[in-house]
Amino acid sequence: MRYLYVLIFIICFACKGEENKNDAKGDEGIQQTELKTLDSLEVYDFQGLEKYLNKSDDKVYVVNFWATWCAPCVKELPYFEKLNEEYPNQVEVILVSLDFPSKYESNLKPYIKKNNLKSKVVALNDTDSNSWIPKVSEDWTGAIPATIIYKKDKRNFYEQSFDYKQLEQEVKQFF
């Protein structure tokens, strides 16, 4: 009987170890440039995300880097949603989630649904942040929230939180 308990104990820990390995592997992410769709969530590595950082049409692009675990990020999201709603033909808001891949199903997707986010939401799954953060902005320390506002060749970077009035004021500089 004692051996049975030992065997059950070993099996439980062996399974738990495998689960943890899978979680760690999930956090490494989907390292492909091409789009991966996970039930309507677009997931990119940085190379795939770059297309959202370099559009050259006549719209103003507002790209916000955020995560569901970041309280200041979550607090300002309604302002980005309002901006997207108020200026539908002039502004495109893109919300880039930096949530961990293992949290897409449990945190990110439910948050998007619960808050009825209308802006484009994509997930950035690229663990080599030391290479892509300076490509977003040389001024970025990696802290979030962080936002880029651009139109063609004019570009401003903000490593801060916004209220609606501040956000709208910054965007209007691009009209």
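The structure contained in this document is the topic of the report that follows. This one's a predicted model, so the numbers in the text were calculated from it and none came from an experiment.

Looking now at the state of the cysteines. With the rule as written, the count across this model stands at one disulfide. Each disulfide pairs two cysteine sulfurs, and for Cys 70 the partner residue is Cys 73, the sulfurs being separated by 2.3 Å. One quick way to see it: the torsion about the S-S bond of Cys 70 and Cys 73 is about 75°, and its sign makes the bridge right-handed.

Moving on, we get to the packing of helix α3 (residues 71-86) against helix α6 (residues 164-172). Look at α3 against α6: their axes get within 9 Å of each other, and the N-to-C directions meet at 45°. Regarding the angle of α3 to α6, the classification is oblique. Between α3 and α6 lies a crossing of right-handed hand. Between α3, through Tyr 79, Phe 80, Lys 82, Leu 83 and Glu 86, and α6, the contact on the second element is made entirely by Tyr 164, Leu 167, Glu 168 and Val 171.

Turning our attention to the side chain of Glu 81. You can see Glu 81 is positioned in helix α3. Of the side chains with opposite charge, Lys 118 lies nearest to the buried Glu 81, which makes no salt bridge, at 7.2 Å. A polar contact of 2.6 Å, which involves the side chain of Glu 81, links it to the backbone nitrogen of Lys 118. Residues within four places of Glu 81 in sequence aside, it is in contact with Leu 95, Asn 116, Leu 117, Lys 118 and Ser 119.

The next subject is the pairing of strand β4 (residues 91-97). The side chains of a regular strand alternate between both faces of the sheet. Within β4, seven of the seven residues are buried, leaving the element largely enclosed by the surrounding structure. Where burial is concerned, the two faces of β4 agree: the one with Val 91, Val 93, Leu 95 and Ser 97 and the one with Glu 92, Ile 94 and Val 96 are both buried. Relative to β4, strand β3 (residues 60-66) runs parallel, the two being bridged by seven bridges. The residue bridging Trp 66 from the neighbouring strand is Ser 97, located in β4. Of the pairings in the sheet, the one linking β4 to strand β5 (residues 120-124) comprises four bridges and is parallel in character. Bridge pairing links Val 96 to Val 122 in β5.

This brings us to α6. Within α6, the full set of buried residues consists of Tyr 164, Leu 167, Glu 168, Glu 170 and Val 171. Buried residues of α6 fall within an arc of 160° about the axis and therefore sit on the same side. Opposite the packed face of α6, turned more than 90 degrees from it, sit the exposed residues Lys 165 and Gln 169. Looking at the buried positions of α6, the neighbouring elements they touch are β3, α3, β4, β6 (146-151) and β7 (154-158). The opening residue of α6 is Asp 163, an N-cap whose side-chain oxygen sits 3.2 Å from the backbone nitrogen of Lys 165.

Residue Pro 145 is bonded to the preceding Ile 144 through a cis peptide linkage, with omega at 5°. If you trace the backbone, Pro 145 turns up in the loop between α5 (129-136) and β6. For Asn 116, which is not glycine, the phi dihedral falls at a positive 50°. Positive phi, close to 50°, is recorded for Lys 152, a residue that is not glycine.

Calculation criteria
Residues numbered from 1 in each chain as written. Predicted model: local features only at pLDDT ≥ 70, side-chain atom pairs only at ≥ 80, totals over all residues. Heavy atoms only, no water. Disulfide = S-S within 2.5 Å. Axes fitted to C-alpha atoms, helices over the stretch in contact; angles between N-to-C directions. Helix = DSSP H or I, 4+ residues; strand = E, 2+ residues; numbered from the N terminus. Parallel < 35°, antiparallel > 145°, perpendicular 65-115°, else oblique. Left-handed = near helix turned anticlockwise from the far one by under 90°. Contact = heavy atoms within 4.5 Å. Buried < 20%, exposed > 50% of the residue type's maximum accessible area, 1.4 Å probe, protein only. Lys, Arg positive; Asp, Glu negative; His and termini not counted. Salt bridge = Lys/Arg side-chain N within 4 Å of Asp/Glu carboxyl O. Polar contact = N/O pair within 3.5 Å; in protein donor to acceptor, adjacent residues only side chain to side chain. Pairing = 2+ DSSP bridges. Arc of directions from axis to C-beta.

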